[in-house]
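Report on the structure
Residues per chain, in single letters:
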Amino acid sequence: MDKSTQTEIFFGPNHPGVPGNYGIIYEFEGDTVTSAKANAGHLHRGFEKLMEERLWIKNTALVPRICVEEPDINEMVYAMGFEAIGEIEVPRRADYIRSIILELARIQGHIFSIGGNAAGIGQYTVMHWGTLTRDYILDIFEEITGARVYHIYIRPGGVRQDIEDETFDKILDLMDELENERFPDLEKTLFENPNAQKRWQGKAVITKEEAIEMGATGPVLRANGVPHDLRKMMPYAAYDAVEFEVPTYENGDAWDRIKIARDDMLQSIKIIRQLIQNIPDGPVQTDLGNGLKYKIPKGDAYVKIESKRGEYGYYMVSDGSLKPYRVHVRGASTPLGLYGVREFLPGTRIADVPVWAKSLGICPPEFDR
């Protein structure tokens, strides 16, 4: 192709058509993408190497920053890795509380993502609604943990402190409000909107074979009819004690991925109600002694959980000292953010670039090393 007829355009790191501190370099022929390349490196945080230089307990304050949109999953999987190597048993009540926190985090992450996707096609009302709805959940987090975004609440051996019954009542009231008031408005405004359907249906298609080949999970895989969800397949925390469905669709497009986010939130509400209604009494933390002197035996473990974007894993190695010897983060968006944009964005028209980039669910710090 004649290079003289192509135009190079940078989207990001600050651009409404890309997620977060991340860029994509495009070449266009007319208004059609001919090539796309991930332009990472705007964060330069080096989380994994930083963890190797910090005490085990101090990393609980570092790991939430790996993905701002879903900080609690990093707290959880880091704690699970520590517990797996050290063969530490977590109190059952802590399992329930961890699951409640993770499902609240799933809802706020999905509604924030739906708002971002809506903004990409000009539906700014939904974006504002999503931000407001997320804030109600952040209010709950602030009441439980003292912080709104980075909670530093899930820690090795359990959680930092218990949750009061009054707070459980507030959570249940909020779940009722979401299900009966806010989500019906979202359905009418966005999911029944012909413009949204036209912009998302049949766009940004990734087939089941393509998703499996590049290691994509979460909505990308479930939009192709594969009910892959670690909460069902390999239950952790208290997910073995609840009943819920894994939403799937068949077309593999942006529309189906966003519908999965909507359906996931409804399932999370169902899970939270069951957890609160059946939560056992008891302690919420295994006594591990002085946090500044945490040690576990030599060993390694790979642990994983289901984030809102798919499988999220840590490989952790201990040499028996006060610090982890090695930590490697396998984020759910790594294959999509690096390989996916290069392989699947070419052929997209410029107006549909945000549909592609945002519906992939990319969280840049996961692969910006």
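Heads up: these notes are all about the structure in this document. Not measured: the values here are computed from a predicted model. (Residues numbered from 1 in each chain as written. Predicted model: local features only at pLDDT ≥ 70, side-chain atom pairs only at ≥ 80, totals over all residues. Heavy atoms only, no water.)

**Focus on the overall build of the protein**
- Assigned secondary structure in the protein consists of 13 helices and 8 strands.
- For the protein, the C-alpha radius of gyration of 21 Å lies close to 21 Å, the compact-globule estimate for 369 residues.
- Here the C-alpha coordinates of the protein stretch approximately 65 × 45 × 35 Å along the principal axes.
- With 369 residues in all, the protein has 57% of them scored as buried.
- About 15,000 Å² of surface is accessible on the protein, with carbon and sulfur atoms providing 49% of the total.
- Where the 43 positive side-chain charges of the protein centre and where its 56 negative ones centre are 5 Å apart. (Helix = DSSP H or I, 4+ residues; strand = E, 2+ residues; numbered from the N terminus. Rg over C-alpha atoms; globule rule 2.2 N^0.38 Å. Buried < 20%, exposed > 50% of the residue type's maximum accessible area, 1.4 Å probe, protein only. Areas by Shrake-Rupley, 256 points an atom, 1.4 Å probe, with all protein chains shown as cover. Lys, Arg positive; Asp, Glu negative; His and termini not counted. Charge placed at Lys NZ, Arg CZ, Asp CG, Glu CD.)

**Side note on the sheet that holds strand β3 (residues 32-39)**
- Read across the open sheet, the 3 strands follow the order β1-β2-β3; overall the sheet is antiparallel. Here the strands that pair on one side only, and so sit at the sheet edges, are β1 (6-11) and β3. Neighbour to neighbour, the strand axes of the sheet diverge by 20° on average, direction disregarded.
- Relative to β3, helix α12 (residues 334-344) is tilted by about 165°, and along the sheet it contacts β2 (23-29) and β3. (Pairing = 2+ DSSP bridges. Axes fitted to C-alpha atoms, helices over the stretch in contact; angles between N-to-C directions. Contact = heavy atoms within 4.5 Å.)

**Some words on helix α6 (residues 165-191)**
- Bending of α6 peaks at approximately 40° at the position of leucine 178.
- Thr167, Phe168, Ile171, Leu174, Met175, Leu178, Phe183, Leu186, Leu190 and Phe191 are the residues of α6 that are buried.
- Summarising the contacts, the buried residues of α6 are in contact with α4 (92-119), α5 (124-145), α7 (194-200) and α11 (254-278). (Bend = angle between axes of the 7 residues up to and from the residue.)

**Topic: the packing of α4 against α5**
- Packing of α4 against α5 brings their axes to within 7 Å, and their N-to-C directions diverge by 160°. For the element pair α4 / α5, the angle class is roughly antiparallel. The hand of the α4/α5 crossing is left-handed. Mapping the contact onto sequence places Ile101, Leu104, Ala105, Ile107, Gln108, Ile111, Phe112, Ile114, Gly115, Ala118 and Ala119 in α4 and Tyr124, Val126, Met127, Gly130, Thr131, Thr133, Arg134, Ile137, Leu138, Ile140, Phe141 and Ile144 in α5.
- A class-by-class count of the residues in the contact of α4 with α5 yields 17 nonpolar, 5 polar and 1 charged. (Parallel < 35°, antiparallel > 145°, perpendicular 65-115°, else oblique. Left-handed = near helix turned anticlockwise from the far one by under 90°. Nonpolar A, V, L, I, M, F, W, Y, C, P; charged D, E, K, R; others polar.)

**Focus on the environment of arginine 199**
- For arginine 199, the position within the fold is in helix α7.
- For arginine 199, a relative accessible area of 18% gives the class buried.
- Along the primary structure arginine 199 and alanine 254 are separated by 55 residues, whereas in three dimensions their C-alpha atoms are 8.9 Å apart.
- Other than its neighbours up to four places away in sequence, arginine 199 contacts Gly120, Ile121, Ala351, Asp352 and Val355.

**Describing empty space enclosed by the protein**
- On inspection of all chains with the given rule, the structure shows 4 cavities of 30 Å³ or more.
- The computed volume of the largest cavity comes to approximately 170 Å³.
- Around the largest cavity, the lining is made up of 16 residues, and of these Ser113, Pro219, Lys308, Ser359 and Gly361 lie nearest the centre.
- Taken together, the elements giving at least two residues each to the lining of the largest cavity come down to α4, α9 (219-222), α11 and α13 (353-359).
- Ranked by residues supplied to the lining of the largest cavity, first place goes to α4 with 4 residues.
- Partitioning the lining of the largest cavity into residue classes produces 7 nonpolar, 5 polar and 4 charged. (1 Å grid on protein atoms, 1.4 Å probe; cavity = no way out; pocket = protein on both sides within 12 Å on 5 of 7 lines; lining within 4 Å. Points joined across faces, edges and corners; volume = space filled by probe spheres on them.)

**Comments concerning the layout of surface pockets**
- Its boundaries defined by the atoms lining it, the largest pocket holds a volume of some 580 Å³.
- For the lining of the largest pocket, the element with the most residues is α4, which contributes 7 residues.
- Here the lining of the largest pocket is composed, by residue class, of 14 nonpolar, 9 polar and 6 charged.

**Focus on the sheet that holds strand β7 (residues 310-318)**
- In space, the 3 strands of this open sheet follow the order β6-β7-β8, with antiparallel pairing throughout. A single partner strand is all that each edge strand has here, and the edge strands are β6 (299-307) and β8 (324-330). Between one strand axis and the next, the sheet turns through 15° on average, direction left out of account.
- Taken together, the 6 bridges between β7 and β8 define a ladder with antiparallel strand orientation.

**Observations concerning the environment of phenylalanine 82**
- Within the secondary structure, phenylalanine 82 sits in helix α3 (residues 71-86).
- Along the backbone, phenylalanine 82 and valine 317 are 235 residues apart, and their C-alpha atoms lie at a distance of 9.1 Å.
- With residues near it in sequence (within four places) discarded, phenylalanine 82 still touches Trp56, Ile88, Pro156, Leu288, Tyr294, Ile296 and Met316.

**Quick word on the nonpolar core**
- Judged by nonpolar contacts, the single largest core of 110 residues is most densely connected at Ile171 and Tyr314.
- At 12 residues, the largest contribution of residues to this core is made by α4. (Core = buried A, V, L, I, M, F, W, Y, C linked by side-chain atoms within 4.5 Å.)

**Describing the pattern of salt bridges**
- Summed over all chains, the structure comprises 28 salt bridges.
- Close ionic contact of arginine 93 with aspartate 162 constitutes a salt bridge, the shortest N to O distance being 3.1 Å. Of this pair, arginine 93 sits in helix α4 while aspartate 162 sits in the loop between β5 (158-159) and α6, and the two are 69 residues apart along the sequence.
- On the basis of relative accessibility, which here comes to 7%, the residue arginine 93 falls in the buried class.
- In this structure aspartate 162 comes out as partly exposed when scored by relative accessible area, which is 34%.
- Between glutamate 187 and arginine 262 there is a salt bridge, with its nearest N and O atoms 3.1 Å apart. Of this pair, glutamate 187 sits in helix α6 while arginine 262 sits in helix α11, placing them 75 residues apart in sequence.
- In this structure glutamate 187 comes out as partly exposed when scored by relative accessible area, which is 25%.
- Overall, the relative accessible area of 15% leaves arginine 262 in the buried class.
- Within the structure, one salt-bridge network assembled from shared partners comprises Glu103, Arg106, Asp229 and Arg231. (Salt bridge = Lys/Arg side-chain N within 4 Å of Asp/Glu carboxyl O.)

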